[in-house]
Structures are given as structure tokens and as C-alpha cells.
Amino acid sequence: MTAFGEGHCLQLVDGSGYIFRAFFQSSRSLGEAYRYRSDGEPVGGVHFFCNMLFNLVLRRADGHSPTHSAIVFDTAAKTFRHEIFPEYKAHRPKPPEDLVRQFPKFRDATRAFNFRCLELDGYEADDIIATLATRAREAGGQVTMISADKDLMQLVSDRIEMFDTMRNRKIERQQVEEKFGVGPERVPDVQALAGDSTDNIPGAPGIGVKTAAQLINQFGDLETLLAGAHEIPQPKRRQALTENVEKIRISKKLVELERSVPLGLKLDELKTAEPDPNVLLEFLREQEFKTLARRVEKYFSIDPPPRKADESHKNIPFDCGAYECIKSEDALDRWIEAIRHRGFVAVDTETTGLDEMRSGLVGVSLSIEPGKACYIPLAHVSGGATLLDQNPRVDGQLDRAETLARLRVVLEDKSILKIGQNVKYDIKIFAQHGINVEPVDDTMLMAFALLAGKHTNLSMDTLSSMYLNHKPIEIKSLIGTGKKQITFDRTDIEEATRYAGEDADITLRLWREFKPRLGKERVTTVYETLERPLIPVLSDMERTGIKVDRSHLAKMSVMFSEKIGELEKVIHDEAGETFNVGSPKQLGDILFRKLQLPGGQKTKAGGYSTGANILETLAGDGHKLPELVLEWRHMSKLKSTYTDVLQEHINPDTGRVHTSYNIAGANTGRLASNDPNLQNIPVRTEVGRRIREAFIAEDGHVLLSLDYSQIELRILAHIAGIEELQKAFRKGLDIHAMTASEMFGIPIESMDSATRRKAKAINFGVIYGISGFGLARNLHISRDEAQQFIDRYFERFPGIRTYMDKTIAGAHTHKHVKTLFGRRIHTPGIEDRGHQGRFAERAAINAPIQGTAADIIRRAMMRIPAQIEGMPAKMLLQVHDELLFEVRADAVGDVTNAVRAVMEGADLPARKINPSLVVDDGVGANWAEAH
């Protein structure tokens, strides 16, 4: 082997720079955030990375052949710079999850192209490049650094150049001087003074690159400058230098590249060689890079192989009897190793119940390919009681604590994707055992991004039947129903293996079905930016819960019981007889047979309909009994839904209520709250306020509410381009009074409450496509008068009618509408005739507005945890346009400012709502006071 020296050229590629360029270039070029293989694995960044490597190979044929070459990467480990300055690069955001999952493939691609792959814990890629470049120059060779990284410019010399392949330009001494104002040897001095906010390098406050260059050129070098800083005539410069000497010297250590990295290799070992075409093509075909594979075949003059038959997940039959039951550590280790090799795994948990805060973990199922799944039983018991009663444990199961410790390795490994159906549930179960599961994919949320509006049920069983043509085993076949129902820990392990293994198998197959479709149907961005990142945020909120005063609720339940009893007496007096007020049949007979009230409608069962709409119409016409019944129903619902049920939901261990949010609960993207539902507590009634008084803060803390002000009207003003509304919002006017003034010609200062109320009803009614009949019922006016109001509204604000007509036309054409952030909401009933078709059109009008509002608060929620990290505050609840926090009393101001900044900027950078978003805040010892 000839020793490296004169006549040799070393090419050093900044692999980490290539990775990020490739990843974000793939985002822009593909029109979606990522590109995926058919099995759902992200490979977009790797695809562009491979093209960049192949271009390096092609440059050799053009006469730019280096004799030696290597590609250099950063590692995830901290470097010696963190020992010097622990806050080094502390503000850098975490790389996207899909990029993390591709990191191993970048190394695989490097080796497939037969480039030497170099990295070393404790050092950055730039240090390795600096070391090799210095050694090559000292040996008499030439060096070309393939990078545009400014930090490498300090290395440029007579024998070391940089080449930016993206701009196809050389970077030599002249280019360095143009950028920094000094030669390469003084670049670290300038960087030390100027600092770098990206890498959190402090520098000297107020000194930029231009000023730093002037000072270095004037004094010669950094140490001379610091020694003579007292002579600088400008006071601010003098002060910035003399008061920050230590920071500047630390900054110099951070920016100066290490040129003696202990690599343990000789330059001769980096001799360039052509890739092995068989190895390279095997890698490219495995990643499904068909076009690039054809280019490589042409380059090497190789005939393409015959096409293989398609063997998709749909063609592999289900065989529940083939799933493996893991009962030994060797079997578990085999699965863990297989998961590491794959880089992904479908995960499902089996528990003793549905409450993630109280249920015990019974077992875990895993799947790594269609038809290949296992179940790990951990806590099955024998006898007639549950796990919590400590009945005898069934033999042959692995120790739960030890098994979870082994599984933690893959469940917390950021390079291994964990796939689940409603994976938030599983995350919370594992969190009970101290395991932080990430990163994750959720097949339910993928289906939601693809299908919102098409299907109301996105359960695993439904999706399996629809998209895999397979009906899963029903849970009731294992645990039974009714009084004889048992918990999962008491099921037979063999049957549990069939059931649980199938769940994981189905989840993996659904992932392989939906993941590629995200890109093809152009909803990847929606899933990646509006759905998946919300999972850990909601998981943390749900586990935190909110403190509830049980005694307050108990008193309210008593009060409701008394009020309901009083109402029943009044209702019976009004009816002239006693009857069961809760019986629709008996009530219908009283209203329409005995009292002969108008509007009676027979049901299929032969009785009279007594729905809320009918009772509201009768009450609006002045009939007292229907009005009393509506009040009775309202009181009964509040008692049964809130004051009684909330007491049952108080967790005995935490003293808090832990609601569960359904991310896919509404077609528009609005979150739904369940077990218990905390989103439908009346806001503006005295009774609703008293219920909210039961939600309290811990001692020394307060509840902080931040609420978007009239966000849906602002969005309507934006998308319909209504200048009058936009101006009114910008001026901070009373929007309902302004609308009434515009419509009825009444000055705002003399506006009466009745006219303002009418305008408010129309403002919000229009968003929901309200009809003349609906508005008439809301305002207790005639239908003709209501229709006149609506017609006048459209005349005054014609942009709204234009928006509505355009939206309906688009819904008919495309069978869906979109939010401003790209969420697709399908409108399957839009072509129906009659009531169903009109309802679908009204929903289509509202969906982009309500959906955009939902997207905005989701975007805010995803950013808030990082914004308040380290502050004594926790996000507790999301209720429509409101976020509720528990905050230490002395930190309210700081938290309010931090959260408001995020919420009011949540429509950026994608677009800017005009008029701007505004957030109101309130603070109190309980929710009622804070709202």
C-alpha cells in the first residue's frame, strides 16, 4: 500500500450535514414531510442521501476522483465541549422522529456505496474532519471537504479547500474572507466574539461578525484584543469585551476544532474504491429506490432482475394458533433482537380494565411482520378473583418487573418505532411502570387523517374488517358479558395468546396498509404535525388530572335532587296528574293526548316524539309544561352526568379526576373528553359555574385559564375575506355590537342588548349554516323575520355567502373540505337529497372553520410543554378553545406570558390569520373563578 503523500487527494464528506440536507430536501421536493417504503418505513432522507452519494461516484468519472475518501458523522453522545460548557447546543430542537429512525440507514447507505464511515463518541464530525485534513496536508496531500458548514472554514488553506455540492462552488481563502472579514486562521477568533445562538455559544453581547472582524483586524488576534480592550474608544464595545472575557475564552474553546482526535487509523486505509454493484443494488432494492437502482444498473452495465410477485400483507392469512407464547428469557431475547434488527414493532397491552390509571398490566403482545406475533403473559391468575386480590399466579409466566426491564430497552429506544392502535392507552399503561415509550405511530390516527368524515368508528375491529377483510376474535369470547364477566388476568393463557397476538398482528398490518397511503393521499403533514405529536402531550395531561372537591359535588347532588323533586311537583300540578317525567311515552300522552298541544309526531313504536327540538318549539310558543320538562331534564342530566359521576371518577390514589381525550373523536379535529366528559359542562349558567367550582388547585397553586377570543369568527373573517369584521377585530370592537350596527344601522354607542343578542345569534349561527327555522327557534321570533335577518346579513357581508357557495361546490366536487392547515374532512352525504343533504352542506360550511380552530389549539398544545419546561406549571385540561393550567401562585405572570405567546402564534409559520389571534386569561382558586 502506497503511503499517503504528495499527489494524493483526500475527500472528506460532512455526513451529518448531508443527512439534514437530504432529509429536509426530501420534505420540500416530495411535497410531503417524508417518503415511505411500502411497509411504512420512512426512507425519504435516505433516498436523497443516496442520490447525493451517487453523484459523488459520478464525479469520479468526470475527472474529480479523489484517491482517498471518507464520510464522517456525529454521534448521539455528548462531546468534550459539553464538559467545557454544559449548555452547549442546549437550545437545539430534537430531530424529527422519522429522521431518528433513519439514522442507521444512513450508515448502511454509506457502506453500501463503499465509503469509509467514520464517527467517534466524545467528538463531533468537524473534529474528525479537522484531524484528517490536518494530517493529510502535513503529509503533502490535497484535501477537499464536501460541506457548506461555516465551522469548517477555519481549516481552509493552500492545500485544503471546501466544496459545496448543493451550490456547485468552491470555498477557498477568498470566500472565507468575504464571509468572516478575516482569513481562515482567525475565523475562530471572530466566532468566539460573535457567538452563535444556534449552538448556544455565548460570545460577547452586542458584537456581531462584522464588528468582531474589525476588532481582530485592528488588534491582530483575540488575546491581544482582550489584553487591550480597555483602549477601545466605543463604550459599548469596551464594556462587552471587558465584562465577558471568560465567556469569550470559553467560546473560543467551543468553536476551535480539535485536530488531534484519536482515530486509530492511517490515511492509507481511506483509499477510494468503487462500490460493489451487487451489494449496492441489494440495498437500493430493499429500500425500494427503483429509479436510483436503474441508474446504478446503467452505470455498471447490469441488466435489471426480473420482477418479483407482490407479496403484500393482505395475502398472508391469519393463523392465531401460530402466535408464540413467551415463557422463557431466551425466547424473549430472541424477540428483542429481532425487533432491534427490524427497527419497528407493533405493541399492545392487555390489562384488568379500561382505566389506565387503575388497571393492572396482565400481558404484552408484539408483532414484527404479518403473521408473526407473540404474547408475553405476566400476571394471569387462577381462581375466582382478580389480579388485585392476589390470587395464585399461573405457573410458567416470566417475572413482570424483570421482563419490563428487558422490554424497556426497545420501548425507550428512539431508533425503534413502536406501533399501536390508540397507542396513548398503552403509553399510559407502561408509564405506570416507569417506561417512557417513544417514538410511536398510531394506526387509529393514521386512519383519522385519511378517513375523517367517512367513518365514525375507527376501532381496530372495524378497520380490520374494512381494510384487511378479517373479523378479529371478540373480547367477550374470553371474558364474557354482564354479571359473569371476568377480567383479562383470569383468562386462559393459550386463548389470551391467540387474542392478544392477533391484536398486535392486525395493528402491524393496518400500519402497513395506512402508512404508505399518507404520502400518496397527501395527508402525511396532517398526521405528522397535527395528530402524532399530540399523543405524548395528552398522555401527560391525562396522567396529571385535575383535583376535585368531593364534598362540593356531594352538596350539589343533594341540591339537584331537591330541585328535581320540586320541579316534578310543579310539572304534575301543571299536567293535572302524576306521571313518570322521565318516560317519553307517558310525557307524550300528557302533552298531545290529554293537553292537545300542537305538533305531535308519532314514532315507529306508536308513541309521541318528545325530543328536545319538539319541547323547545312548544316552549317557544309559550307552553309552560314543555318548558318545565326541559328544565327538569337539564337538572337531571347535570346531576347524573356531573355531580354524581364525577365523585365516582375521583382517583383514590391521586384525589384527581383523570379524563381521557379522544384525538379522533370528531371529524373536524376537535378533541372529545370521556370518562368523564369535562367538555360539556355549561359555561354561562349559574349551575354550570357551581359545578366548575368543584375543580380546584393544590395548596400554594392557582388555576390559570387561557381562552381564544372568538376564534371561529376570526377564522371566518379570514377565509371569507370580510374586511369589516377584520377591521373591527383589529380595533378591539365589540364584534356583535358592530355586526348589529352594520346590519340594522344603529350606532354602537346606543346599541340595546336585544339587538346585540340577535346579531350574536346570527354571527354564530352563520358559522353552523343555520336555517331561518333554526334562528327563529333560537330567538323566539317568526321564521319570516328570522329569514329576513339572515338575508340582510348576507347582503351586508357578501363574502360569507361567497365562501359558503364556494365551499359547498367544492364539497360536491371533491367529496371533502379542508382546514387551513390541510386537514381533510370528508362529506359522504353531500349528494343526498332532502334533510340529509342539507345537513351535510351545513357541516361542510362549518368544518373548515371549526377544524381550523381545532388545528390551531392542537398546534399550541404541542408547543406549550417545551415553552413552560422548568416552570412550576402543568397543563391540565383542554375544553374547546380553552386551556387550563395549574400554576404555582408566584409564577402566574411568567406562565401566562409564555403560554399566550405560543397560543397567539399557533397559526405561524404556516399562515397568519387575519385578524390576529387573541387570548384571554383568568386566574382563580377554582375553575369557575379562573374562567
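The rules we used
Residues numbered from 1 in each chain as written. Predicted model: local features only at pLDDT ≥ 70, side-chain atom pairs only at ≥ 80, totals over all residues. Heavy atoms only, no water. Helix = DSSP H or I, 4+ residues; strand = E, 2+ residues; numbered from the N terminus. Buried < 20%, exposed > 50% of the residue type's maximum accessible area, 1.4 Å probe, protein only. Contact = heavy atoms within 4.5 Å. Lys, Arg positive; Asp, Glu negative; His and termini not counted. Charge placed at Lys NZ, Arg CZ, Asp CG, Glu CD. 1 Å grid on protein atoms, 1.4 Å probe; cavity = no way out; pocket = protein on both sides within 12 Å on 5 of 7 lines; lining within 4 Å. Points joined across faces, edges and corners; volume = space filled by probe spheres on them. Nonpolar A, V, L, I, M, F, W, Y, C, P; charged D, E, K, R; others polar. Salt bridge = Lys/Arg side-chain N within 4 Å of Asp/Glu carboxyl O. Phe/Tyr/Trp six-rings, centres within 6.5 Å; stacked < 30°, edge-to-face > 60°. Lys NZ or Arg CZ within 6 Å of the ring centre and 35° of its normal. Pairing = 2+ DSSP bridges. Axes fitted to C-alpha atoms, helices over the stretch in contact; angles between N-to-C directions. Polar contact = N/O pair within 3.5 Å; in protein donor to acceptor, adjacent residues only side chain to side chain.

**Structural notes on the overall build of the chain**
Across its full length, the chain holds 37 helices and 23 strands. Its C-alpha atoms put the chain at 110 × 75 × 55 Å along the principal axes. Considering the chain as a whole, with its 931 residues, one finds that 53% of them fall into the buried category. Within the chain, residue pairs in contact and separated by at least 24 positions form 68% of the contacts whose partners lie at least 6 positions apart. Distance from the positive charge centre (123 side chains) to the negative charge centre (132 side chains) of the chain: 4 Å.

**Considering empty space enclosed by the protein**
Taken as a whole and assessed by the stated rule, the structure comprises two cavities of 30 Å³ or more. Here the largest cavity defines a volume of roughly 50 Å³. Taken together, R670, L671, Q679, A853, A854, I857, Q878, H880 and D881 form the lining of the largest cavity. Examining the composition of the lining of the largest cavity, we find that three residues originate from one element, helix 35 (residues 834–867), more than from any other. Among the residues forming the lining of the largest cavity, the class breakdown is four nonpolar, three polar and two charged. Estimates place the volume of the second largest cavity at around 30 Å³. Around the second largest cavity, the lining residues are V347, K418, V423, D426, I427, F430 and V437. Looking at the lining of the second largest cavity, the element that brings in the most residues is helix 16 (residues 423–431), giving four residues.

**Topic: the pattern of salt bridges**
Should their charged atoms come close, side chains of opposite charge can pair. Taken as a whole and assessed by the stated rule, the structure comprises 55 salt bridges. In this structure, the salt-bridge partner of D505 is R509, at a minimum N-O distance of 2.9 Å. Of this pair, D505 and R509 both sit in helix 20 (residues 493–520), four residues apart, roughly one helical turn. One exposure class covers both D505 and R509, and it is buried. R656 is the partner of E886 in a salt bridge, and the nearest nitrogen-oxygen pair spans 2.7 Å. Here the residue E886 occupies a position in strand 22 (residues 882–888), and R656 occupies one in strand 14 (residues 656–657), the gap between them amounting to 230 residues. Its relative accessible area of 7% is what places E886 among the buried residues. Shared partners join several salt bridges into a network, and the residues in it are R81, K89, E124 and D127.

**Side note on the packing of aromatic side chains**
Under the definition given, this model contains 13 aromatic pairs. For the pair F488 and Y499, a centre-to-centre distance of 5.9 Å together with 45 degrees between the ring planes defines the contact as tilted. One end of the pair, F488, is in the loop between helix 19 (476–479) and helix 20; the other, Y499, is in helix 20, and eleven residues separate them in sequence. No difference in accessibility class separates F488 from Y499, as the two residues are buried. Each member of the aromatic cluster is reached from another via a ring pair, and the members are Y18, F49, F73 and F106. In this structure, R107 packs its charged tip against the face of F73, placed 4.5 Å from the ring centre. Positioned over the ring face of F318 is R509, at 3.7 Å from the centre of the ring.

**Some points on the sheet that holds strand 5 (residues 160–164)**
Taken together, the six strands give an open sheet; going across it, the order is 3-2-1-4-5-6, and neighbouring strands pair in mixed fashion. Edge positions in the sheet fall to strand 3 (117–118) and strand 6 (169–171), since each has one partner strand and no second. Bridge count for strand 2 (residues 68–72) against strand 3 is two bridges, and the pairing is parallel. Looking across to strand 3, one finds that I71 is bridged to C117. In this fold helix 5 (residues 125–138) packs onto strand 1 (9–14), strand 2, strand 3, strand 4 (142–146) and strand 5, with an angle of close to 175 degrees to the strand it touches most, strand 1.

**So, the side chain of T544**
Tracing the backbone through its elements, the reader meets T544 in helix 22 (residues 534–544). Classification of T544 by relative accessible area gives buried; the value is 19%. Polar side-chain contacts of T544 include one of 2.8 Å to the backbone oxygen of D540. Residue contacts for T544: discarding those within four places in its chain leaves R656, H658, K874 and L876.

**Quick look at the side chain of T659**
Topologically, T659 is positioned in the loop between strand 14 and strand 15 (660–662). We classify T659 as buried; its relative accessible area is 3%. At a separation of 2.6 Å, a polar atom in the side chain of T659 contacts the side chain of S673. A distance of 3.1 Å separates the side chain of T659 from the backbone oxygen of N674, its partner in a polar contact.

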